[in-house]
Amino acid sequence: MSLEGKRLVITGVITKDSIAFHAAECAQRQGASVVLTSFGRVRRMTERAAQRLPEPVDVLELDVNREEDLAALTEELRGRWGGVDGALHAIAYAPEDALGGRFLTAPAQSATAAFQTSAFSLKALAAALEPLMGPGASIVGLDFDATVAWPIYDWMGVAKAALESVSRYLARDLGPRGIRVNLVSAGPLGTVAARGIPGFEQLAALWQAQAPLGWDIDDPAPVAETICFLLSDAARAISGEILHVDGGFHAVGAPPAPAGS
Ligand SMILES: NC(=O)c1ccc[n+]([C@@H]2O[C@H](COP(=O)([O-])OP(=O)(O)OC[C@H]3O[C@@H](n4cnc5c(N)ncnc54)[C@H](O)[C@@H]3O)[C@@H](O)[C@H]2O)c1
(Lines give C-alpha, C1' and ligand atoms only; values in the text may rest on other atoms or scores of the structure.)
Protein backbone atom coordinates (compact mmCIF):
# COMPACT_ATOMS: atom_id res chain seq x y z
CA MET A 1 0.00 0.00 0.00
CA SER A 2 1.39 3.41 -0.97
CA LEU A 3 0.21 7.00 -1.01
CA GLU A 4 3.10 8.08 -3.25
CA GLY A 5 2.17 11.22 -5.14
CA LYS A 6 -1.21 11.68 -3.41
CA ARG A 7 -2.20 15.24 -2.46
CA LEU A 8 -4.20 15.04 0.76
CA VAL A 9 -6.21 17.53 2.81
CA ILE A 10 -6.34 16.55 6.47
CA THR A 11 -8.77 18.32 8.78
CA GLY A 12 -9.14 17.87 12.53
CA VAL A 13 -5.63 18.14 13.92
CA ILE A 14 -5.48 20.09 17.20
CA THR A 15 -2.63 18.36 19.00
CA LYS A 16 -0.33 15.47 18.23
CA ASP A 17 -2.86 13.27 20.06
CA SER A 18 -5.56 14.00 17.47
CA ILE A 19 -6.46 10.97 15.36
CA ALA A 20 -5.90 13.15 12.28
CA PHE A 21 -2.31 13.89 13.35
CA HIS A 22 -1.52 10.18 13.28
CA ALA A 23 -3.23 9.84 9.91
CA ALA A 24 -1.14 12.72 8.53
CA GLU A 25 2.03 11.14 9.89
CA CYS A 26 1.14 7.76 8.37
CA ALA A 27 0.25 9.40 5.02
CA GLN A 28 3.56 11.26 4.85
CA ARG A 29 5.49 8.09 5.62
CA GLN A 30 3.70 6.49 2.67
CA GLY A 31 4.75 9.29 0.32
CA ALA A 32 1.77 11.67 0.38
CA SER A 33 1.87 15.46 0.28
CA VAL A 34 -0.29 16.85 3.05
CA VAL A 35 -1.90 20.12 4.12
CA LEU A 36 -3.74 20.50 7.40
CA THR A 37 -6.72 22.72 8.10
CA SER A 38 -7.70 24.47 11.31
CA PHE A 39 -9.59 27.53 12.42
CA GLY A 40 -9.89 30.43 14.83
CA ARG A 41 -8.50 30.08 18.31
CA VAL A 42 -7.09 26.55 17.94
CA ARG A 43 -5.12 27.33 14.81
CA ARG A 44 -1.97 28.12 16.81
CA MET A 45 -2.14 24.63 18.35
CA THR A 46 -2.56 23.02 14.93
CA GLU A 47 0.43 24.99 13.64
CA ARG A 48 2.53 23.67 16.51
CA ALA A 49 1.39 20.10 15.75
CA ALA A 50 2.11 20.65 12.03
CA GLN A 51 5.75 21.32 12.91
CA ARG A 52 5.97 17.94 14.62
CA LEU A 53 5.07 15.88 11.55
CA PRO A 54 7.93 14.02 9.79
CA GLU A 55 7.77 16.88 7.23
CA PRO A 56 6.32 20.14 8.60
CA VAL A 57 3.28 21.25 6.59
CA ASP A 58 1.12 24.32 6.04
CA VAL A 59 -2.13 24.91 7.89
CA LEU A 60 -5.02 26.37 5.89
CA GLU A 61 -7.97 28.18 7.46
CA LEU A 62 -11.21 26.17 7.56
CA ASP A 63 -14.18 26.55 9.82
CA VAL A 64 -16.22 23.89 8.09
CA ASN A 65 -19.44 25.81 8.83
CA ARG A 66 -18.27 28.92 6.94
CA GLU A 67 -19.04 29.08 3.21
CA GLU A 68 -16.29 31.70 2.72
CA ASP A 69 -13.66 29.39 4.25
CA LEU A 70 -14.78 26.48 2.07
CA ALA A 71 -14.63 28.63 -1.09
CA ALA A 72 -11.20 30.00 -0.14
CA LEU A 73 -9.95 26.44 0.55
CA THR A 74 -10.99 25.33 -2.94
CA GLU A 75 -9.16 28.27 -4.54
CA GLU A 76 -6.04 27.88 -2.37
CA LEU A 77 -5.76 24.19 -3.28
CA ARG A 78 -6.43 24.88 -6.96
CA GLY A 79 -3.51 27.32 -6.96
CA ARG A 80 -1.24 25.13 -4.84
CA TRP A 81 -1.75 21.70 -6.38
CA GLY A 82 -4.27 22.02 -9.23
CA GLY A 83 -6.06 18.95 -7.86
CA VAL A 84 -6.68 16.91 -4.71
CA ASP A 85 -6.50 13.12 -4.38
CA GLY A 86 -7.95 12.64 -0.93
CA ALA A 87 -9.34 14.19 2.23
CA LEU A 88 -9.80 13.21 5.84
CA HIS A 89 -12.82 14.61 7.66
CA ALA A 90 -11.94 14.37 11.39
CA ILE A 91 -14.33 17.02 12.64
CA ALA A 92 -16.86 16.72 15.43
CA TYR A 93 -18.44 19.10 17.90
CA ALA A 94 -21.46 19.08 20.19
CA PRO A 95 -22.35 21.80 22.70
CA GLU A 96 -21.93 20.76 26.33
CA ASP A 97 -25.68 20.61 26.96
CA ALA A 98 -26.08 18.04 24.17
CA LEU A 99 -23.70 15.49 25.76
CA GLY A 100 -23.01 13.74 29.03
CA GLY A 101 -26.49 12.40 29.82
CA ARG A 102 -28.51 15.47 28.87
CA PHE A 103 -30.31 13.88 25.94
CA LEU A 104 -33.81 14.71 27.14
CA THR A 105 -33.09 18.34 28.02
CA ALA A 106 -30.78 19.43 25.17
CA PRO A 107 -32.33 22.32 23.24
CA ALA A 108 -32.95 22.00 19.51
CA GLN A 109 -30.23 24.51 18.64
CA SER A 110 -27.58 22.38 20.42
CA ALA A 111 -28.70 19.23 18.62
CA THR A 112 -28.70 21.16 15.34
CA ALA A 113 -25.21 22.51 16.02
CA ALA A 114 -23.93 18.97 16.62
CA PHE A 115 -25.52 17.84 13.35
CA GLN A 116 -24.15 20.74 11.31
CA THR A 117 -20.54 20.53 12.51
CA SER A 118 -20.30 16.75 12.80
CA ALA A 119 -22.42 15.40 9.92
CA PHE A 120 -23.53 18.03 7.38
CA SER A 121 -19.89 19.17 7.31
CA LEU A 122 -18.87 15.96 5.51
CA LYS A 123 -21.08 17.05 2.63
CA ALA A 124 -19.76 20.61 2.89
CA LEU A 125 -16.13 19.47 2.71
CA ALA A 126 -16.83 17.00 -0.10
CA ALA A 127 -18.66 19.63 -2.16
CA ALA A 128 -15.74 22.06 -1.74
CA LEU A 129 -13.13 19.52 -2.82
CA GLU A 130 -15.08 17.59 -5.46
CA PRO A 131 -14.32 20.11 -8.27
CA LEU A 132 -10.61 19.41 -7.68
CA MET A 133 -10.98 15.64 -7.49
CA GLY A 134 -10.81 13.09 -10.29
CA PRO A 135 -11.30 9.34 -10.62
CA GLY A 136 -9.52 7.48 -7.80
CA ALA A 137 -9.94 10.26 -5.25
CA SER A 138 -11.01 9.24 -1.77
CA ILE A 139 -12.80 10.93 1.12
CA VAL A 140 -12.64 9.38 4.59
CA GLY A 141 -14.57 10.37 7.73
CA LEU A 142 -14.38 9.25 11.35
CA ASP A 143 -17.33 7.55 12.97
CA PHE A 144 -18.30 6.15 16.36
CA ASP A 145 -20.71 3.23 15.87
CA ALA A 146 -24.17 4.79 15.63
CA THR A 147 -26.24 1.61 15.29
CA VAL A 148 -26.92 1.60 19.05
CA ALA A 149 -27.45 4.18 21.83
CA TRP A 150 -24.49 4.75 24.17
CA PRO A 151 -24.22 6.26 27.64
CA ILE A 152 -23.11 9.95 27.59
CA TYR A 153 -22.82 10.29 23.79
CA ASP A 154 -26.35 11.65 23.35
CA TRP A 155 -26.77 14.12 20.44
CA MET A 156 -23.23 13.39 19.25
CA GLY A 157 -24.47 9.84 18.71
CA VAL A 158 -27.42 11.12 16.70
CA ALA A 159 -25.00 13.27 14.67
CA LYS A 160 -22.84 10.19 14.00
CA ALA A 161 -25.93 8.32 12.75
CA ALA A 162 -26.45 11.21 10.36
CA LEU A 163 -22.78 11.13 9.35
CA GLU A 164 -23.15 7.45 8.42
CA SER A 165 -26.09 8.33 6.20
CA VAL A 166 -24.37 11.39 4.69
CA SER A 167 -21.41 9.21 3.68
CA ARG A 168 -23.71 6.79 1.87
CA TYR A 169 -25.44 9.59 -0.07
CA LEU A 170 -22.06 11.07 -0.97
CA ALA A 171 -20.86 7.64 -2.14
CA ARG A 172 -23.98 7.53 -4.34
CA ASP A 173 -23.52 10.99 -5.83
CA LEU A 174 -19.72 11.08 -6.21
CA GLY A 175 -19.23 7.44 -7.27
CA PRO A 176 -20.06 8.09 -10.93
CA ARG A 177 -17.11 10.52 -10.97
CA GLY A 178 -14.84 7.84 -9.51
CA ILE A 179 -14.68 9.47 -6.07
CA ARG A 180 -14.99 7.15 -3.06
CA VAL A 181 -16.46 8.01 0.35
CA ASN A 182 -15.98 5.82 3.42
CA LEU A 183 -15.96 5.98 7.22
CA VAL A 184 -13.70 4.43 9.81
CA SER A 185 -15.68 3.53 12.93
CA ALA A 186 -13.08 3.76 15.68
CA GLY A 187 -13.07 2.47 19.23
CA PRO A 188 -12.53 5.08 21.97
CA LEU A 189 -9.18 6.87 21.83
CA GLY A 190 -7.84 9.19 24.51
CA THR A 191 -7.72 12.43 22.53
CA VAL A 192 -8.31 15.82 24.15
CA ALA A 193 -11.88 15.94 22.80
CA ALA A 194 -12.72 12.42 23.95
CA ARG A 195 -11.31 12.81 27.47
CA GLY A 196 -13.38 15.98 27.78
CA ILE A 197 -16.62 14.00 27.47
CA PRO A 198 -17.85 13.19 31.00
CA GLY A 199 -17.96 9.39 31.36
CA PHE A 200 -15.40 8.71 28.61
CA GLU A 201 -13.36 6.55 31.00
CA GLN A 202 -16.42 4.34 31.58
CA LEU A 203 -16.81 3.76 27.86
CA ALA A 204 -13.11 3.07 27.48
CA ALA A 205 -13.21 0.50 30.31
CA LEU A 206 -16.16 -1.24 28.65
CA TRP A 207 -14.14 -1.54 25.44
CA GLN A 208 -11.12 -2.93 27.20
CA ALA A 209 -13.31 -5.58 28.88
CA GLN A 210 -15.32 -6.58 25.82
CA ALA A 211 -13.34 -6.17 22.59
CA PRO A 212 -12.29 -9.68 21.46
CA LEU A 213 -8.88 -8.38 20.39
CA GLY A 214 -8.56 -6.06 23.37
CA TRP A 215 -8.30 -2.30 22.91
CA ASP A 216 -5.66 0.31 23.74
CA ILE A 217 -7.12 3.81 24.05
CA ASP A 218 -3.60 5.23 23.73
CA ASP A 219 -2.84 3.61 20.37
CA PRO A 220 -4.36 5.48 17.41
CA ALA A 221 -2.04 3.74 14.91
CA PRO A 222 -4.52 1.03 13.79
CA VAL A 223 -7.12 3.72 13.04
CA ALA A 224 -4.56 5.92 11.25
CA GLU A 225 -3.33 3.03 9.11
CA THR A 226 -6.90 2.11 8.10
CA ILE A 227 -7.51 5.73 7.09
CA CYS A 228 -4.39 5.52 4.91
CA PHE A 229 -5.62 2.26 3.41
CA LEU A 230 -8.95 3.85 2.46
CA LEU A 231 -7.12 6.84 0.95
CA SER A 232 -4.95 4.50 -1.12
CA ASP A 233 -5.62 2.80 -4.45
CA ALA A 234 -5.70 -0.55 -2.60
CA ALA A 235 -9.25 0.44 -1.58
CA ARG A 236 -10.24 1.45 -5.13
CA ALA A 237 -13.42 -0.68 -5.19
CA ILE A 238 -14.62 0.31 -1.70
CA SER A 239 -17.20 3.08 -1.26
CA GLY A 240 -20.13 3.74 1.06
CA GLU A 241 -18.43 1.45 3.58
CA ILE A 242 -18.01 1.71 7.36
CA LEU A 243 -14.86 -0.07 8.43
CA HIS A 244 -14.77 -0.88 12.14
CA VAL A 245 -11.39 -0.48 13.77
CA ASP A 246 -12.47 -1.30 17.30
CA GLY A 247 -10.79 -4.54 18.34
CA GLY A 248 -13.90 -6.43 17.17
CA PHE A 249 -16.14 -4.78 19.81
CA HIS A 250 -19.05 -4.20 17.41
CA ALA A 251 -19.38 -7.92 16.71
CA VAL A 252 -20.14 -9.06 20.26
CA GLY A 253 -22.99 -8.24 22.64
CA ALA A 254 -21.37 -8.83 26.02
CA PRO A 255 -17.98 -9.35 27.67
CA PRO A 256 -16.58 -12.90 27.37
CA ALA A 257 -17.87 -15.50 29.84
CA PRO A 258 -15.30 -16.34 32.53
CA ALA A 259 -13.16 -19.38 31.59
CA GLY A 260 -14.73 -22.73 32.60
CA SER A 261 -18.26 -21.31 33.03
N1 LIG B 1 -11.38 9.89 20.15
C2 LIG B 1 -12.31 8.96 20.03
O3 LIG B 1 -12.57 8.17 20.94
C4 LIG B 1 -13.07 8.83 18.73
C5 LIG B 1 -13.70 7.62 18.42
C6 LIG B 1 -14.42 7.50 17.23
C7 LIG B 1 -14.49 8.59 16.36
N8 LIG B 1 -13.85 9.76 16.70
C9 LIG B 1 -13.95 10.88 15.76
O10 LIG B 1 -12.68 11.24 15.29
C11 LIG B 1 -12.72 12.58 14.84
C12 LIG B 1 -11.53 13.34 15.40
O13 LIG B 1 -11.65 13.43 16.80
P14 LIG B 1 -10.42 13.31 17.83
O15 LIG B 1 -10.84 12.33 18.86
O16 LIG B 1 -9.13 13.14 17.11
O17 LIG B 1 -10.48 14.73 18.59
P18 LIG B 1 -9.85 16.16 18.24
O19 LIG B 1 -10.44 17.11 19.25
O20 LIG B 1 -8.39 16.07 18.20
O21 LIG B 1 -10.46 16.49 16.81
C22 LIG B 1 -11.73 17.13 16.60
C23 LIG B 1 -11.48 18.21 15.59
O24 LIG B 1 -12.68 18.82 15.14
C25 LIG B 1 -12.32 20.14 14.78
N26 LIG B 1 -13.48 21.01 14.63
C27 LIG B 1 -14.48 21.23 15.53
N28 LIG B 1 -15.34 22.16 15.01
C29 LIG B 1 -14.86 22.51 13.78
C30 LIG B 1 -15.29 23.42 12.75
N31 LIG B 1 -16.40 24.17 12.88
N32 LIG B 1 -14.54 23.50 11.62
C33 LIG B 1 -13.42 22.77 11.45
N34 LIG B 1 -12.96 21.90 12.39
C35 LIG B 1 -13.67 21.77 13.54
C36 LIG B 1 -11.43 20.57 15.94
O37 LIG B 1 -10.66 21.71 15.60
C38 LIG B 1 -10.59 19.32 16.13
O39 LIG B 1 -9.41 19.42 15.35
C40 LIG B 1 -14.09 13.13 15.26
O41 LIG B 1 -14.99 13.02 14.17
C42 LIG B 1 -14.49 12.16 16.36
O43 LIG B 1 -15.89 12.10 16.56
C44 LIG B 1 -13.14 9.90 17.85
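Here, the structure is the one placed above.
The model shown is predicted, which means the values in this text are computed figures rather than measured ones. The numbering scheme is per chain: residues are counted from 1 as the chain's sequence reads. Note on the predicted model: pLDDT of at least 70 is required for a residue's local features to be given, and 80 or more for side-chain atom pairs to be given and counted; whole-chain, interface and lining totals, by contrast, use all residues. Side-chain measures were taken over the full set of non-hydrogen atoms in the model, leaving aside hydrogen atoms and water.

**Q** A description of helix α4 (residues 108-129) should follow, citing residues and the corresponding values.
**A** Over its 22 residues, α4 runs 30 Å from end to end, which matches the ideal 32 Å to within 8%, given 1.5 Å per residue. At S121, α4 shows its maximal bend, which comes to roughly 50°. Strands are runs of DSSP state E lasting at least two residues, helices are runs of H or I lasting at least four, and both sets are numbered from the N terminus onward. Helix span is expected to be 1.5 Å times the residue number reduced by one. We define the bend at each residue as the angle formed by axes fitted to the 7 residues ending at it and the 7 residues starting at it.

**Q** Help me get a handle on the environment of F120, residues and values and all.
**A** Take F120: it is sitting in helix α4. With 43 residues separating them along the chain, F120 and L163 place their C-alpha atoms 7.2 Å apart.

**Q** Break down the side chain of T46 for me, with residues and values.
**A** Inspection of the secondary structure puts T46 in helix α2 (residues 43-50). It only takes one pair of heavy atoms within 4.5 Å for two residues to be counted as in contact. Setting aside its immediate chain neighbours within four residues, T46 contacts V13, I14, L36, T37, S38 and V59.

**Q** Go over the packing of aromatic side chains, please, and point to the residues and values.
**A** Here a Phe, Tyr or Trp ring, Trp counted by its six-membered ring, pairs with any other such ring whose centre lies within 6.5 Å, and the pair is stacked when the planes are under 30 degrees apart, edge-to-face when over 60, and tilted otherwise. Summed over the entire model, instances satisfying the criterion amount to seven aromatic pairs. With 3.7 Å between their ring centres and 10° between their planes, W207 and F249 make a pair best called stacked. Taken as a pair, W207 in helix α7 (residues 200-210) and F249 in the segment after β7 (242-245) lie far apart in primary sequence, 42 residues in all. Taken together, F144, W150, Y153, W207 and F249 form an aromatic cluster joined through their ring pairs.

**Q** Describe the nonpolar core, naming the residues involved and giving the relevant values.
**A** Residues enter a nonpolar core if they are buried and are Ala, Val, Leu, Ile, Met, Phe, Trp, Tyr or Cys, with the set joined through side-chain atoms within 4.5 Å. Burial classification: accessible surface area is computed with a 1.4 Å probe over protein chains only, and a residue below 20% of its type maximum counts as buried, one above 50% as exposed, and the rest as partly exposed. Counting 54 residues, the largest nonpolar core has I10, V34, L36, V223 and I227 as its most contacted members. Ranked by residues supplied to this core, first place goes to helix α1 (residues 19-29) with seven residues. Residues contacting I227, with those up to four places away along its chain left out, are I19, A23, L88, V140, L142 and V184. Listed in part, the 32 residues of the second largest apolar core include V35, L129, L170 and L174.

**Q** An account of the pattern of salt bridges is requested, with residue identities and associated values reported.
**A** One speaks of a salt bridge when a side-chain nitrogen belonging to Lys or Arg is within 4 Å of a carboxyl oxygen belonging to Asp or Glu. A complete count under the given rule lists 14 salt bridges for this structure. Between E76 and R80 there is a salt bridge, and its shortest N-O distance comes to 2.9 Å. Of this pair, E76 and R80 are both found in helix α3 (residues 67-80), four residues apart, which corresponds to roughly one turn of the helix. Using a relative accessible area of 32% as the deciding quantity, one classes R80 as partly exposed. Here E130 ties to R177 by a salt bridge, and the two come within 2.3 Å at their closest N and O atoms. Taken together, the residues E130 in the loop between α4 and β5 (138-143) and R177 in the loop between α5 (154-174) and β6 (180-186) connect sequence positions 47 residues apart. For E130, a relative accessible area of 23% gives the class partly exposed.

**Q** Mind laying out the environment of A235, listing which residues take part and the relevant values?
**A** Structurally, A235 is set in the loop between α8 (221-231) and β7. Once residues within four sequence positions are removed from consideration, A235 is found in contact with R180, F229 and L230.

**Q** Before we move on, could you go through the site of the ligand and cite the residues and values that matter?
**A** Around the ligand there are 25 residues in total, and S18, V64, K160, L189 and T191 lie nearest to it. Whenever two N or O atoms come within 3.5 Å, that pair is a polar contact, provided that in protein one can donate a hydrogen and the other can accept it, and provided that, for residues adjacent in sequence, both atoms are side-chain atoms. Take T191: an N or O atom from its side chain is 2.6 Å from an oxygen atom of the ligand. When each cavity is represented as a set of grid points, the ligand is found to reside in the largest pocket. Secondary structure elements with two or more residues in the shell around the ligand: β5 and α6 (192-195). Under the convention adopted here, Pro, Cys and the residues Ala, Val, Leu, Ile, Met, Phe, Trp and Tyr are nonpolar, Asp, Glu, Lys and Arg are charged, and Gly plus all remaining residues are polar. Along the lines of polarity and charge, the residues of the shell around the ligand split into 16 nonpolar, six polar and three charged. In this text, near means that some heavy atom of the residue lies within 4 Å of the molecule or strand in question. Put simply, the grid is 1 Å and covers the protein atoms alone, a cavity is a trapped set of points that fit a 1.4 Å probe, a pocket is an open set with protein on both sides within 12 Å along at least five of seven lines, and lining residues have an atom within 4 Å of a point. Any molecule with more than half of its atoms within 2 Å of a cavity's or pocket's grid points is regarded as sitting in that cavity or pocket.

By themselves, these observations are geometric and do not establish any function.
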